[in-house]
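Coordinate inspection notes
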Amino acid sequence: MFVRRIAVIGTGYVGLTTGACLASLGHDVICADVDADKVARLTRGEVDILEPGLADLVAEGIAAGRLTFVLGAASAVRHEPEVMFLCVPTPMGVGGVADLSIVESVIEEVRELLPADCVVVNKSTVPVGTADRTEELLDRADVAVVSNPEFLREGSAVYDFLNPDRIVVGGSKQDAAERVAALYAKLGAPTVLTDAPSAELVKYAANCFLAMKLSYVNAVAELCDRLGANITDVTEGMGYDKRIGQAFLQPGPGWGGSCLPKDTSAMLQLADAADFEFRLIRATIETNTRQRQRMVEKVRLAVTGKRNGSLSRRRLALFGLTFKAGTDDLRDSPALAVAALLRQAGADLVGYDPALRQDTQHPDLSSVTVSDDPYQAAKDAEAVIVLTEWPEFRSLDWQRLAESVRNPIVVDTRNLLDPAVARRAGFEWIGLGKPLPAPTA
Ligand code: UDX
């Protein structure tokens, strides 16, 4: 394998994972960020992202001399990289359009400094056409731009990087795309070499498909509720079909996080701009919005016994606030979206999350009082609402919780708990798409 000199611009979760993993594959990696404190911390091996295995890889890379950190893209480029990865944020801008201003400013900064024959790789999720536009902005015939989308999940980003289902690289210059694909040769993954627009579209098409799968399963769970069917058995039965698969079939309070909401909106924008009405994606997003409201309706019915009962001043304990288990990320968290709707309905909310502390600051946490202790959070609550699938909730002392709540009701929006355990502890357990147990004689 060729060892390449690589620059990675941006040390967020994608950039740092990319840098540390490429170093672990034997490449020489220099990572740049605009935040001087962060660069200093990373140089000391301090990683502030909760990502299993990442801190170890960073430490190993630094110790082996294969991973260094510098301030600013220009400093990284002065080391004459053969390949430069762009891993900077592309936030959702006005009207759901990806905001490319950071990508553009990095290109401006390095334009004249890039060594001849360098390949610029875009890893950030960007609208179709960005690689071609970047090539125009760069205006360097001797520098190629390729798209190489990442498919990393938060909480397993290192594992996903080192065990990819596939590598996708697209660009107008075949040899540049091949050079980038070769960086991953050790991983032995199927590789799709294509043009830049196709590579860029793979990312959106894959993430939107995943979001659509989840909206579909959440809608099927609603139907199960209405028809008295059991969603767990239905999805198991579906999932054995190899064309469907068992993964990503778990109903929940709606999908969220830093990617799926952003990418579904961007896909709609892309389609609109191409004068194509992508109804399936619009319905996927609407079904997700509806799913959050449906969770509130479930809570309302459970707590008040009526479809139109008032939640005003009702104290509710929220278990889980992050967008999924295994992360401390609150971005576009469905749990917080449900919390905001409950708050609007007048409920008093106390939240507990294994990844958050009482003093965690986040603008969307303003409607929830965060507690460090699940039993404290549940005290005098009129219902416990499980919103994130943290496995540790299963091993809480549900008997003790039953004694401290005002009403022993648990609305489990992740179907996480064993209903038999909750019921034995004295709770009424309400899940998603789960028939009520037959009354015992
Ligand atoms: C996602 C994609 O999976 C990844 O490939 C892409 O690169 C980035 O976006 P991530 O945002 O980390 O990754 O989270 P993911 O594990 O996909 O979960 C997304 C949302 O769907 C979460 O809110 C999660 O709780 C929810 N989800 C996931 C379900 O409700 N049910 C499931 O079965 C799976």
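Everything here concerns the structure above.
With that settled, the discussion passes to the overall build of the chain. Summing up its helical and strand segments, the chain has 16 helices and 14 strands in all. Rg of the C-alpha trace for the chain: 24 Å, near the compact-globule value of 22 Å for 441 residues, within the 12% margin. Taken along its principal axes, the extent of the C-alpha atoms in the chain is 80 × 50 × 40 Å. Sorting the 441 residues of the chain into buried and exposed places 52% on the buried side. In the form shown here, the chain has an accessible surface area of approximately 19800 Å², with 52% of it arising from carbon and sulfur atoms.

A separate point is the state of the cysteines. Going through the model one piece at a time under the given rule, you end up with zero disulfides. Cys31 supplies the cysteine sulfur nearest to Cys87, a cysteine that is in no disulfide, at a spacing of 8.4 Å. In this model Cys208 remains outside any disulfide bridge; the closest cysteine sulfur is found in Cys259, 11 Å from its own. Residue classification places Cys208 among the buried residues on the basis of a relative accessible area of 2%.

Tracing the chain through its elements places Glu150 in the loop between strand 6 (144-147) and helix 7 (157-162). For Glu150, a relative accessible area of 6% translates into the label buried. A polar side-chain atom of Glu150 sits 2.8 Å from the main-chain amide nitrogen of Leu152. In this structure, Glu150 is in contact with Val14, Lys123, Thr125 and Lys203, ignoring residues within four places of it in sequence.

Let us now look at the nonpolar core. Grouped together as the largest cluster of nonpolar side chains are 40 residues, with contacts concentrated most on Leu22, Phe85, Val180 and Tyr184. If one sorts the elements of this core by residue count, helix 1 (residues 13-24) sits on top with seven residues. Once you skip the residues sitting within four places of it in the chain, Leu22 turns out to touch Ile6, His27, Val29, Phe85, Phe161, Leu183 and Tyr184. Core analysis: the next-biggest nonpolar cluster, separate from the first, contains 28 residues, Leu336, Val338, Leu342 and Leu365 among them.

With that settled, the discussion passes to the site of the ligand. Around the ligand sit 20 residues, and of these Glu154, Gln250, Phe323, Lys324 and Arg414 come closest. Between an oxygen atom of the ligand and a side-chain N or O atom of Arg414, the distance comes to 2.8 Å. When the ligand is considered free in solution it has 670 Å² of accessible area, and contact with the protein chains removes 92% of it. Sorting elements by how many residues they give to the shell around the ligand places helix 9 (residues 196-227) first, with four residues. A per-class count over the shell around the ligand returns ten nonpolar, three polar and seven charged.

On to helix 8 (residues 174-182), then. Within the sequence span of helix 8, burial applies to Ala176, Ala177, Val180 and Ala181. In an axial view of helix 8, the angular spread of the buried residues amounts to 140°, which keeps them on one side of the axis.

This paragraph deals with the sheet that holds strand 3 (residues 67-71). One key point about sheets: their strands pair by backbone hydrogen bonds, in either a parallel or an antiparallel sense. Judged by pairing direction, the sheet is mixed, and its eight strands sit side by side in the order 3-2-1-4-5-6-7-8 without closing on themselves. Each end of this open sheet is capped by a strand with a single partner; those strands are strand 3 and strand 8 (191-194). Each adjacent strand pair in this sheet contributes to an overall mean axis angle of 25°, direction not counted. As defined by bridge partners, strand 1 (residues 5-9) adjoins strand 4 (residues 83-86) across four bridges and the pair is classed as parallel. Of the residues in strand 4, the one forming a bridge with Ile9 is Leu86. Here helix 6 (residues 130-138) sits on the sheet and contacts strand 5 (119-122) and strand 6; the angle it forms with strand 6, its principal contact strand, is near 160°. In the packing of helix 8 onto the sheet, the strands contacted are strand 4, strand 5, strand 6, strand 7 (167-171) and strand 8, and the crossing angle to strand 8 comes to about 160°.

Quick look at the packing of helix 12 (residues 279-304) against helix 13 (residues 334-344) now. Across the interface, helix 12 lies against helix 13 with an axial gap of 9 Å and an inter-helix angle of 55°. The angle between helix 12 and helix 13 falls in the class oblique. Two packed elements cross with a definite hand, and for helix 12 against helix 13 that hand is right-handed. For the pair helix 12 and helix 13, the contacting residues are Arg292, Gln293, Met295, Val296 and Val299 in the first and Pro334, Ala337, Val338, Leu341 and Leu342 in the second. Residue classes in the contact of helix 12 with helix 13 are distributed as eight nonpolar, one polar and one charged.

Further remarks concern the environment of Ala425. Position of Ala425 among the secondary structure elements: in the loop between helix 16 (419-424) and strand 14 (428-430). Given the relative accessible area of 12%, Ala425 is considered buried. Taking the C-alpha atoms as reference points, Ala425 and Gln399, 26 residues apart in sequence, are found 4.6 Å from one another. Beyond its immediate chain neighbours, meaning those up to four positions away, Ala425 contacts Trp398, Gln399 and Ala402.

In this section: the environment of Phe151. Relative to the elements of secondary structure, Phe151 occurs in the loop between strand 6 and helix 7. In sequence terms Phe151 and Val168 are 17 residues apart; their C-alpha atoms lie 9.8 Å from each other. What Phe151 contacts, discounting residues up to four positions off in sequence, is Asp160, Arg166, Val168, Val202, Lys203 and Ala206.

Moving on, we get to the environment of Gly254. Within the secondary structure, Gly254 sits in the loop between helix 10 (231-239) and helix 11 (260-273). Taking the relative accessible area as the measure of exposure, Gly254 reaches 9% and is therefore buried. Measuring from C-alpha to C-alpha, the distance between Gly254 and Ala206 comes to 18 Å, with 48 residues separating the pair along the chain.

Residues other than glycine seldom take positive phi values, yet Arg313 does so here, at roughly 60°. Its identity as a non-glycine residue notwithstanding, Asn415 has a phi of 45°, on the positive side. In this structure Asn415 comes out as buried when scored by relative accessible area, which is 13%.

Calculation criteria
Residues numbered from 1 in each chain as written. Predicted model: local features only at pLDDT ≥ 70, side-chain atom pairs only at ≥ 80, totals over all residues. Heavy atoms only, no water. Helix = DSSP H or I, 4+ residues; strand = E, 2+ residues; numbered from the N terminus. Rg over C-alpha atoms; globule rule 2.2 N^0.38 Å. Buried < 20%, exposed > 50% of the residue type's maximum accessible area, 1.4 Å probe, protein only. Areas by Shrake-Rupley, 256 points an atom, 1.4 Å probe, with all protein chains shown as cover. Disulfide = S-S within 2.5 Å. Polar contact = N/O pair within 3.5 Å; in protein donor to acceptor, adjacent residues only side chain to side chain. Contact = heavy atoms within 4.5 Å. Core = buried A, V, L, I, M, F, W, Y, C linked by side-chain atoms within 4.5 Å. Near = heavy atom within 4 Å. Nonpolar A, V, L, I, M, F, W, Y, C, P; charged D, E, K, R; others polar. Arc of directions from axis to C-beta. Pairing = 2+ DSSP bridges. Axes fitted to C-alpha atoms, helices over the stretch in contact; angles between N-to-C directions. Parallel < 35°, antiparallel > 145°, perpendicular 65-115°, else oblique. Left-handed = near helix turned anticlockwise from the far one by under 90°.

Nothing here speaks to function; it is geometry throughout.
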